[in-house]
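Below are the chains, spelled out letter by letter.
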Amino acid sequence: MSVTHAPQTADVLARQDPELAEILLGELHRQSSTLQLIAAENFCSPAVLAALGSALANKYAEGYPGARHHGGCEIVDVAERLAVDRAKSLFGAEHANVQSHSGSSAVLAAYAALLRPGDTVLALGLPYGGHLTHGSPANFSGRWFDFVPYGVDAETGLIDHDQVRTLARTHRPKAIVCGSIAYPRHIDYAFFREVADEVGAYLIADAAHPIGLVAGGAAPSPVPYADVVCATTHKVLRGPRGGMILCGGDLAERVDRAVFPFTQGGAQMHTIAAKAVAFGEAATPAFAAYAHQVVASARILAAALADEGLVVTTGGTDTHLVTADPGPLGVDGRAARGRLAAAGMVLDCCALPHADTRGLRLGTAAVTTQGMAEKEMERIAALLAGVVRGEVESVRAREEVRDLVGGFPPYPA
Ligand SMILES: *Cc1c(COP(=O)(O)O)cnc(C)c1O
C-alpha cells in the first residue's frame, strides 16, 4: 500500500522519513479497517490526492489569475481559471471563488462581503444544527454580529418556517443564513428567498454539506435563490479539504475582495488544483449515480435504525445525513459513540432538537464511495444497534466491521 497515493512522492517519503511515513500508513490503515460514518467525511480520489501532493504547493499566488502580487504565476493562473470555470459550469453560477481555505473561511468572507460588525443576522440556532459560524459565542460570528436564532418544530423536527418569517419581520436582519451541519432534510431555498425579499435581507446559503448532492443532481440547488452560497469541497463533493463561494456577477468583486485581501493571504494552489480535479469528477454521470446512491443508502440506513428502536430525527432523511436518538436503546449519544468507537464504527454525536441528551449523527458519503449500498446499510444498522445495546461485544463487533469493510477497500491496490 502506498503512503500517499501520489506516486511521485510516496516512495520518497517512505525512504526519507520512515517515522512520518509510518504515521501516514497507520492513518490509511485506520481509515480502511474501520467504518467511516462521520457525515462530513469522504474518500477523495487518488487523482485529487496527487494534485494535493504536487509542486503547486510551492507556489505563492496572492491575488487572482492575471492580477497576482507574485511573479511566476502563469501556470497556476491556468489551474485556478480551470477550477473556477468548472465550478461555475457544475453549479450554474455566474461567479465562483475557489480560494477559501475552509468552509468557515468561506462563511467569514461571505459575511465580510455583505455585512458590517454589529449587523443582525438570522440563522439556524446551534442546538438545532447551526454551524459555529452561525452565531456561536466562541466564534467570530457570535462575537462580531448580532445573531438571532431560529429553530425547528418540536414535533416534526422540520425548520419552523412560521418562526423564521416572524423573527425576520421583528428583527429586520441584514442577512438570513440557511444551512446546517445536521439537518437531514432539503432546505426550502425558495421560502428563504421570499422571506429575505420581504424584509430586504441578503440570503446566504451555507451549503457545506449538501453541495456534493447538488453537484450530482440529488438535492435542490441554492444557487438560483441565494445571494451568496458558501460550501466546502471535502464533504459529499469528495474533493480536497477547502471552501468555495458561488454568487451572482453583481457581487463577484465584493466576494473576491472579501476572500483576498480581507480574510486570507496567498491562495493554496495545490488545493485549488485538487478542487479542479474534484469538480471535473463531480461533473460525470458516475458522480451523479454516486450522489443518488448516497441518498438511497441514507434512507435505508435511517429506516433500519428506526426499526432497531432509535428515534430518527424528522423520521428519515432526504440527504446523506441521519441523526438519531439512541435513548430507547438505553444510552445517550455520547455513551453510544464511545461503544461504537470501540467497535470500529466512527461517527459523531450531535445536539438533539428540544432535548438535553446528545444524539448520533452519521452519513453515507464515505461508505458509498467505498461501494457499499442498501444491503450493507442494513448490516451496519443491525450491528450499530447491537453494539449500542451492549449485546455485541466490541471484539466481535470489530471482527464484523473488518469483515464488512474488507470487501470495500477505499483505495484498491
Ligand atoms: C462543515 C461546515 C462548515 C465548516 O467547514 P470547515 O471546512 O470545517 O471550516 C461550515 N458550515 C457548515 C454548514 C458546515 O457543514
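Residues numbered from 1 in each chain as written. Predicted model: local features only at pLDDT ≥ 70, side-chain atom pairs only at ≥ 80, totals over all residues. Heavy atoms only, no water.

### Overview of the nonpolar core
Side chains of a nonpolar character, in soluble globular proteins, are inclined to be buried together.
Phase 1 of the analysis: Grouped together as the largest cluster of nonpolar side chains are 60 residues, with contacts concentrated most on F91, Y150, I176, F192, I211, L237 and M244.
Phase 2 of the analysis: Taken domain by domain, the makeup of this core includes at least three residues from each of domain 1 (55–282) and domain 2 (285–406).
Phase 3 of the analysis: Sequence-distant contacts of M244, defined by excluding residues within four places in its chain, comprise A87, F91, N97, S100, A106, I211, V229, C230, A231, T233, L237 and F279.
Phase 4 of the analysis: By size, the runner-up hydrophobic cluster in this structure holds 36 residues, among which are V322, V367, I380 and V401. (Core = buried A, V, L, I, M, F, W, Y, C linked by side-chain atoms within 4.5 Å. Buried < 20%, exposed > 50% of the residue type's maximum accessible area, 1.4 Å probe, protein only. Domains from an automatic or database assignment. Contact = heavy atoms within 4.5 Å.)

### Here we look at helix 7 (residues 161–171)
Phase 1 of the analysis: Where helix 7 is concerned, the buried positions are V164, L167 and A168. One side of helix 7 holds all its buried residues, which, seen down the axis, span an arc of 100 degrees. Those residues of helix 7 that are exposed and aimed more than 90 degrees away from the buried face are D162 and T170.
Phase 2 of the analysis: Contacts made by the buried residues of helix 7 are with strand 5 (120–124), strand 6 (146–150), strand 7 (175–178) and helix 8 (189–199).
Phase 3 of the analysis: A side-chain oxygen of the first residue of helix 7 lies 3.3 Å from the backbone nitrogen of D162; this N-cap is D160.
Phase 4 of the analysis: Backbone geometry just after helix 7 places R172 at a positive phi near 45 degrees. (Helix = DSSP H or I, 4+ residues; strand = E, 2+ residues; numbered from the N terminus. Arc of directions from axis to C-beta. Polar contact = N/O pair within 3.5 Å; in protein donor to acceptor, adjacent residues only side chain to side chain.)

### A short note on the sheet that holds strand 11 (residues 311–312)
The strands making up a sheet associate through backbone hydrogen bonding, with each pair oriented either parallel or antiparallel.
Phase 1 of the analysis: Read across the open sheet, the four strands follow the order 11-12-15-14; overall the sheet is antiparallel. In the strand order of this sheet, the two ends are held by strand 11 and strand 14 (348–351), each with one partner.
Phase 2 of the analysis: Summarising the sheet, strand 11 and strand 12 (residues 321–325) pair through two bridges and their orientation is antiparallel. Bridging from a neighbouring strand, V312 pairs with A324 of strand 12.
Phase 3 of the analysis: Along the sheet, helix 13 (residues 333–342) contacts strand 14 and strand 15 (358–363); its crossing angle with strand 15, the most-contacted strand, is approximately 45 degrees. (Pairing = 2+ DSSP bridges. Axes fitted to C-alpha atoms, helices over the stretch in contact; angles between N-to-C directions.)

### Looking at the packing of aromatic side chains
Phase 1 of the analysis: Under the counting rule described, the total for this entry stands at eight aromatic pairs.
Phase 2 of the analysis: Taking 5.7 Å as the distance between ring centres and 40 degrees as the angle between the ring planes, the aromatic pair formed by Y150 and F192 counts as tilted. In this pair, Y150 is assigned in strand 6 and F192 in helix 8, connecting sequence segments 42 residues apart.
Phase 3 of the analysis: Take F192: its relative accessible area is 0%, and that puts it in the buried class.
Phase 4 of the analysis: Arranged with centres 5.2 Å apart and planes meeting at 50 degrees, the rings of F287 and Y290 form a pair that is tilted. Highlighted residues: F287 and Y290, both in helix 12 (residues 285–307), separated by three residues, approximately one helical turn.
Phase 5 of the analysis: Classification of Y290 by relative accessible area gives buried; the value is 6%.
Phase 6 of the analysis: Members of the aromatic cluster, connected to one another through ring pairs, are Y111, F140, W144, F145 and F147. (Phe/Tyr/Trp six-rings, centres within 6.5 Å; stacked < 30°, edge-to-face > 60°.)

### Comments concerning the domain arrangement of the protein
Phase 1 of the analysis: Split by domain assignment, the protein resolves into domain 1 (55–282) and domain 2 (285–406).
Phase 2 of the analysis: If you look at the interface, domain 1 gives 28 residues, while domain 2 gives 24 residues.
Phase 3 of the analysis: There are one salt bridge connecting domain 1 and domain 2.
Phase 4 of the analysis: Residues D318 and R185 are paired through a salt bridge, measuring 2.9 Å at the closest nitrogen-oxygen approach. (Salt bridge = Lys/Arg side-chain N within 4 Å of Asp/Glu carboxyl O.)

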